[in-house]
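Letter by letter, the chains look like this.
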Amino acid sequence: MIDDGTLPVPIDNGRGRVSTLDQLAEIPEEEIWLQKQKSARTRRAYRLDVQHFMRTLAITAPEELRQADHKAVIAWERYMREIEHAASSTIRRRLAALSSLFRHLIDYGGAARNPAREVARPAINRQEGATLAFSKVQARKLLDLPTEHMVTGLRDRAILSVGLQVGLRRAEIAALRVGDLHQNRGYDSLRVMRKGGRRDALAINPQTAARLRAYLEAAGHGADSDGPMFRPLRHNGKQDAERRHMDPDAIDRVVRKYAGALGLDRGYSAHSMRATFITTALENGAQLEDVQKAAGHRDPSTTKLYDRRGYNPEKAASFFATY
């Protein structure tokens, strides 16, 4: 069993037949734990989090990892906080990943205790997220920055529109297929693969639909319904011969490129588009439950974390403390 979901087939290793069950039994429990995660994005994040723990503590083998105690986890947390200056959310996620692994190992006899269980997690602000949002003026400028005269520019205009006017996560944008753009009851819509494998469908802004169609026409893969919507392009602007999705990190790079062109060099990412979408929709009178559905959140409190309406720099006390 590997990342593509295939199963091993029975083989003859020269000493006899090795069945599928025998081969599965040889897979380390750490790998089984990863494969239990439903989302490829979660599997990747958890793998990197555990690798960070092992690298920081110079752990090189699963046997060493299983012997880690609370002292090792405390040292790791302090290293992330004081040396790396990692964000509290990053530290919490890494600790949660390690704790999840050890819970699995305990369940299947691979470890006797969970060294991450009682290590204090750093506090985070549950009232407001840390993601920076664009102003309405900045968002409008971003949407119109990419050129309309090249496939790369048309692709980037469509990506920015999906992020700012539909509010999708970068992984959701990267996972879109051509056939996900469709009409439902006369309205242009997008099918979206949410976290955990949930499927959703959203009516979209007419400008977003127009930009998607303009990009697909110029790129030449508008009839490839099952193929990726957003694809890597060669540096010369010609379509990459390989039929593959853009990487979510590439979506980030698109946003940072144009944010940098506006002089917004630090702190902005693809997630900033999502925060901007939620704030703008609420400012323009959308109901919280409708924005929650559009954002794909299970809990409205998560949606509220992205709402920047309460942040008004012009009302800050420092603006009035002039001498």
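Since the model is a prediction, treat every value here as computed from it, not as a measurement.

Caption draft 1: Here's a closer look at the overall build of the protein chain. Helices and strands together make up the secondary structure of the protein chain, namely 15 helices and 5 strands. Pairs at least 24 apart in sequence give 56% of the contacts found in the protein chain among residues at least 6 apart. Counting only carbon and sulfur atoms, one obtains 50% of the accessible surface of the protein chain, whose full area is about 18700 Å².

Caption draft 2: How the structure looks around the pairing of strand β4 (residues 187-193). As paired strands, strand β3 (residues 181-184) and β4 are joined by 4 bridges and run antiparallel to one another. Pairing of His182 across the sheet is with Ser189, part of β4. Between β3 and β4, which pair antiparallel in sequence order, lie 2 residues; one of them, Arg185, sits at a positive phi of approximately 55°. Bridge analysis of β4 against strand β5 (residues 199-203) gives 5 bridges, and the strand direction is antiparallel. Looking at the pairing, Met193 lines up with Arg199 of β5. Count of turn residues in the β4/β5 antiparallel hairpin: 5 residues, of which Gly196 carries a positive phi of about 75°.

Caption draft 3: The layout of surface pockets, seen in detail. For the second largest pocket, the calculated volume is near 720 Å³. If you trace the second largest pocket, you find 26 residues lining it, with Gln165, Val166, Ala203, Phe277 and Ala281 closest to the centre. Sorting the residues of the lining of the second largest pocket by element identifies α7 (136-144), α8 (151-165), β4, β5, α12 (270-283) and α13 (288-295) as the ones contributing at least two each.

Caption draft 4: The arrangement of the environment of Ser161 in detail. Relative to the assigned elements, Ser161 resides in helix α8. Between the C-alpha atom of Ser161 and that of Ala210, which follows or precedes it by 49 residues, the distance is 10.0 Å. Side chain to side chain, Ser161 and Gln165 meet in a polar contact 2.4 Å long.

Caption draft 5: How the structure looks around the pattern of salt bridges. Counted according to the given criterion, the structure contains 25 salt bridges. Put simply, Asp249 and Arg44 hold a salt bridge, and the shortest N to O gap is 3.8 Å. Here Asp249, found in helix α11 (residues 248-261), pairs with Arg44, found in helix α3 (residues 40-56); they are 205 residues apart in sequence, far enough to count as distant. Close ionic contact of Arg93 with Asp49 constitutes a salt bridge, the shortest N to O distance being 2.8 Å. In this pair, Arg93 sits in helix α6 (residues 88-107) while Asp49 sits in helix α3, placing the two residues 44 residues apart along the sequence. Since its relative accessible area comes to 2%, Asp49 is described here as buried.

Caption draft 6: Quick peek at unusual backbone geometry. In this structure, Ala58 is a non-glycine residue whose phi angle is positive, near 55°. Inspection of the secondary structure assignment puts Ala58 in the loop between α3 and α4 (62-66). According to the relative accessible area criterion, Ala58 is exposed, its value standing at 57%. A positive phi angle, close to 55°, is found at Arg185, a residue other than glycine.

Caption draft 7: Main features of the packing of α12 against α13. Axis separation between α12 and α13 bottoms out at 10 Å; the angle between their running directions is 155°. In terms of their interaxial angle, α12 and α13 are classed as roughly antiparallel. Like other packed secondary-structure pairs, α12 and α13 cross with a definite hand, here right-handed. On α13, the residues that touch Arg274, Phe277, Ile278, Ala281 and Leu282 of α12 are Leu288, Val291, Ala294 and Ala295.

Caption draft 8: Highlighting the packing of α8 against α11. Where α8 meets α11, the closest approach of the two axes is 10 Å, and the angle between their N-to-C directions is 95°. One element, α8, and the other, α11, form an angle in the roughly perpendicular class. Of the residues in α11, those in contact with Arg155, Asp156, Ile159 and Leu160 of α8 are Ile251, Val254, Val255, Lys257 and Tyr258. Of the residues belonging to the contact of α8 with α11, the class tally is 6 nonpolar, no polar and 3 charged.

About the cut-offs
- Residues numbered from 1 in each chain as written.
- Predicted model: local features only at pLDDT ≥ 70, side-chain atom pairs only at ≥ 80, totals over all residues.
- Heavy atoms only, no water.
- Helix = DSSP H or I, 4+ residues; strand = E, 2+ residues; numbered from the N terminus.
- Contact = heavy atoms within 4.5 Å.
- Areas by Shrake-Rupley, 256 points an atom, 1.4 Å probe, with all protein chains shown as cover.
- Pairing = 2+ DSSP bridges.
- 1 Å grid on protein atoms, 1.4 Å probe; cavity = no way out; pocket = protein on both sides within 12 Å on 5 of 7 lines; lining within 4 Å.
- Points joined across faces, edges and corners; volume = space filled by probe spheres on them.
- Polar contact = N/O pair within 3.5 Å; in protein donor to acceptor, adjacent residues only side chain to side chain.
- Salt bridge = Lys/Arg side-chain N within 4 Å of Asp/Glu carboxyl O.
- Buried < 20%, exposed > 50% of the residue type's maximum accessible area, 1.4 Å probe, protein only.
- Axes fitted to C-alpha atoms, helices over the stretch in contact; angles between N-to-C directions.
- Parallel < 35°, antiparallel > 145°, perpendicular 65-115°, else oblique.
- Left-handed = near helix turned anticlockwise from the far one by under 90°.
- Nonpolar A, V, L, I, M, F, W, Y, C, P; charged D, E, K, R; others polar.

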